[in-house]
Amino acid sequence: MESPSTYLESLRPAGSKRSGKRDLIVNVFLRQQGHLTADDLFDLIRPEDPRISRATVYRTLQWMVDAGIARKVDFGEGRFRFEHSYRHPRHFHLICKSCNRSFEFLSSDIEALLEEVAAARNFAARQSVLQIHGTCESCQTGRAPVADGGTTELLFARDALRIAIATERSGLEFYTRAARITRDARGRRVFEKLAEEEKEHLGTLEARYRELLQQDPQLESRPTFLFFKGAANGLFAAGAEQLAKGVKDREALMIGIRCERGSHRFFKRYGEKFEDSEGKRIFLEFADEERAHLELLIREYRALLDRQQAHKKKSVKAER
Ligand SMILES: [Zn+2]
Ligand SMILES: [Zn+2]
């Protein structure tokens, strides 16, 4: 993953000269979490370099927005706030009108719906803003807020891993069941091999999840960032249900192909949309694994067809 400084270098237009003031402002900004007003940022800059004016901070913020380093958000307070986009996936906001805090979340289902609407209206969407205004849990109950200070990057990685693990589990369940019902010996071995692989991947993902927890002891208890009701693990669960109804070997392979294809597409399309981050990498690596499974299943499906045809020809010859 690129570091903040290489990230900044990559954004600098070729031939433009470095500006010490601008670099300082950008670096301070990138160290912040949450949503700052221009004045918040100016207050943070002043102790570092009192010669930097408010106007320079404003101008640099606008430059960062244009360069894609910062996103401008409007929470309806009559002034803009800014958040950085470095390793920070785009997201939606919950905004508490009592304490003025904001909370970030994302939902693959809402995003899919927004895309569907834009496509149906032939609208080239550039940005979708979704905000839920109201009163947060701690303002309603008077209890201390749920563990604050977690970074969205870690939450995103945590939730991406949870989605991948859930999908892997339902894949394992699917292949275990498919191996049990398949009568063709070679087909059965393929399903057993895939079940083995899913088990191994599951182990790797779980180890990675534990590693992530070490970076933030409170990570597990932090609120969900990425909601994924309709994501790919539903595909394998539906596939396993179809298997339970009793299917022929060929159909079992076909169902597996459909599940892996759907899963591959989901993780690839979803992962590609994100800024460079651990969560993005998890999705894209997972998409690759699913593609490898897909290719294996397609090869086996063709081989099974060939075997069945050869068998048919042989029996026709025998009849003659
Ligand atoms: Zn509140
Ligand atoms: Zn935000």
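Our subject is the structure listed above.
Cut-offs applied
Residues numbered from 1 in each chain as written. Chains lettered and ligands numbered in written order. Predicted model: local features only at pLDDT ≥ 70, side-chain atom pairs only at ≥ 80, totals over all residues. Heavy atoms only, no water. Donors = N, O, S within 2.8 Å, 3.2 Å for Na, K, Ca; no water. Tetrahedral: all angles 85-135°; square planar, octahedral: opposite > 155°, others 65-115°. Buried < 20%, exposed > 50% of the residue type's maximum accessible area, 1.4 Å probe, protein only. Axes fitted to C-alpha atoms, helices over the stretch in contact; angles between N-to-C directions. Helix = DSSP H or I, 4+ residues; strand = E, 2+ residues; numbered from the N terminus. Parallel < 35°, antiparallel > 145°, perpendicular 65-115°, else oblique. Left-handed = near helix turned anticlockwise from the far one by under 90°. Contact = heavy atoms within 4.5 Å. Nonpolar A, V, L, I, M, F, W, Y, C, P; charged D, E, K, R; others polar.

A.B. asks: It is not clear to me how the coordination of the zinc ion (ligand 1) should be interpreted in this structure. Could you clarify?
C.D. replies: Around a metal, the idealised angle for a tetrahedral arrangement of four donor atoms is 109.5 degrees; for an octahedral arrangement of six donor atoms it is 90 or 180 degrees. Distances from the zinc ion (ligand 1) to its protein donors, Cys96 (SG), Cys99 (SG), Cys136 (SG) and Cys139 (SG), fall within 2.2 to 2.3 Å. If you look at the zinc ion (ligand 1), its 4 donor atoms make angles of 104 to 119 degrees with each other, and the shape they trace is tetrahedral. Look at where the donors of the zinc ion (ligand 1) fall in the sequence and you get C-x2-C-x36-C-x2-C. We classify cysteine 96 as buried; its relative accessible area is 2%.

A.B. asks: Would you mind going over the packing of helix H3 (residues 38–45) against helix H4 (residues 54–67) with me for this structure?
C.D. replies: Relative placement of two packed helices is described by the angle separating their axes and the distance separating the axes. Where H3 meets H4, the closest approach of the two axes is 10 Å, and the angle between their N-to-C directions is 120 degrees. If you check the angle between H3 and H4, you find them oblique. The handedness of the crossing between H3 and H4 is right-handed. Between H3 and H4, the contacting residues are Ala38, Asp39, Leu41, Phe42 and Ile45 on the first element and Arg54, Val57, Tyr58, Leu61 and Met64 on the second. Grouping the constituent residues of the contact of H3 with H4 by class yields 8 nonpolar, no polar and 2 charged.

A.B. asks: Looking at this structure, how should I read the packing of helix H7 (residues 152–181) against helix H10 (residues 249–272)?
C.D. replies: At a closest axis distance of 11 Å, the pairing of H7 and H10 adopts a crossing angle of 170 degrees. By the angle between their directions, the pair H7 and H10 is classed as roughly antiparallel. In this structure, H7 uses Ile163, Ala164, Thr167, Phe174, Tyr175 and Ile181 to contact H10, whose residues at the interface are Asp249, Ala252, Ile255, Gly256, Cys259, Glu260, Ser263 and Phe267. For the contact of H7 with H10, the per-class residue count stands at 9 nonpolar, 3 polar and 2 charged.

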